[in-house]
Amino acid sequence: MTTTTMEKVPAAAGVTLPCVPEAAKAARELVRTRLAHAGLAEVSDDAVMVVSEIVGNSVRHSGTRYVRIWVTCTGRVVRISVADSSRTLPTLIIARDADEGHRGLGLVDALSYRWGADLLELGKVVWAEFETRPAPSFGSAALENSSDLGELTARQGGTVHGVALREGGQRRVAG
């Protein structure tokens with residue numbers, strides 16, 4: 001088995017797409033390709049499902065014309081980010097057994113290491129992170145050892161207005 005180090009691949013890959021249902025397919029392909037190129041197949045299936053759910057939410061709820069998707073690999077963390085121009089933050093709704101919907105963010109919550117949203121001046125970024133297996137050739141020990149959301153957000157070039165929904169954010173029961 002060949003191991004690919006993060007130094008051999010770009011730190012981030014991204015694309016801007018029309019905010020239409022077909023954007024989810026392009027987002028899945030971006031994530032799948034980026035993670036395969038980085039040698040990170042171990043998180044690919046979960047990351048593909050999560051980006052599909054986040055893009056789907058943007059398409060259904062944001063009312064914006066475009067969506068931007070990034071895949072960032074730093075140290076042992078893969079971050080999937082989806083930006084749109086809506087400033088409405090997502091809400092994790094705990095679906096009841098009889099509910100036909102309200103399961104998308106529950107999947108994001110279950111499949112990712114952690115997830116959240118950052119408010120921006122002109123919209124928001126919804127992100128999810130996945131931990132990969134440790135590899136001695138990975139750099140960025142400071143990021144690997146960081147548990148502070150503000151520090152992670154700042155290092156990603158975002159704001160410190162981050163809301164880590166996995167860590168105590170807004171949750172409610174449907175109905």
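In what follows, the structure referred to is the one given above.
All figures in this text were calculated on a predicted structure; none of them were measured in a lab. (Residues numbered from 1 in each chain as written. Predicted model: local features only at pLDDT ≥ 70, side-chain atom pairs only at ≥ 80, totals over all residues. Heavy atoms only, no water.)

What about the environment of A117?
Note the following rule: Comment: elements are numbered from the N terminus, with helices defined as DSSP H or I runs of at least four residues and strands as E runs of at least two.
As for its placement among the helices and strands, A117 is situated in strand 5 (residues 114-120). Each C-alpha atom of the pair A117 and A128 lies 8.7 Å from the other, and the pair is eleven residues apart in sequence.

A closer look at the pattern of salt bridges
For clarity, the threshold we go by: What counts as a salt bridge is simple: a side-chain nitrogen of Lys or Arg found within 4 Å of a carboxyl oxygen of Asp or Glu. Classification of residues uses two cut-offs on accessible area relative to the type maximum, computed with a 1.4 Å probe and protein chains only: under 20% is buried, over 50% is exposed, and between them is partly exposed.
One pass over the full model with this rule turns up five salt bridges. Of the charged contacts, one joins R32 and E29 as a salt bridge, the two residues approaching to 3.4 Å between their closest N and O atoms. In this pair, R32 and E29 both sit in helix 1 (residues 23-37), three residues apart, roughly one turn of the helix. We classify E29 as partly exposed; its relative accessible area is 43%. Linking D84 and K124 is a salt bridge whose minimum nitrogen-to-oxygen distance equals 2.9 Å. Here K124 lies in strand 6 (residues 123-131) and D84 lies in strand 3 (residues 77-84), a separation of 40 residues in the sequence. Overall, the relative accessible area of 7% leaves K124 in the buried class. Each of the salt bridges in this network shares a partner with another, and the network as a whole consists of R79, R114 and E129.

Let's talk about the nonpolar core
The test is simple: Definition of nonpolar core: a set of buried residues of the types Ala, Val, Leu, Ile, Met, Phe, Trp, Tyr and Cys, connected through side-chain atoms within 4.5 Å.
Ranked by size, the top nonpolar core spans 32 residues in total, and within it L35, I69 and V78 carry the most contacts. For this core, the secondary-structure elements that each account for two or more residues are helix 1, helix 2 (44-61), strand 2 (66-74), strand 3, helix 3 (104-111), strand 5 and strand 6.

Quick word on helix 1
To keep things clear, this is the line we draw: Here the expected span of a helix is defined as 1.5 Å times the quantity of residues minus one. Here the arc refers to the directions that run from the helix axis out to each C-beta atom.
With 15 residues, helix 1 ought to run about 21 Å at 1.5 Å a step, and its terminal C-alpha atoms sit 21 Å apart, in line with that. Of all the residues in helix 1, the buried ones are A23, A24, A27, L30, V31, R34 and L35. Each buried residue of helix 1 sits inside an arc of 120° when the element is viewed along its axis, so together they form one side. Looking at helix 1, the residues exposed on the side facing more than 90 degrees away from the buried face are K25 and A36.

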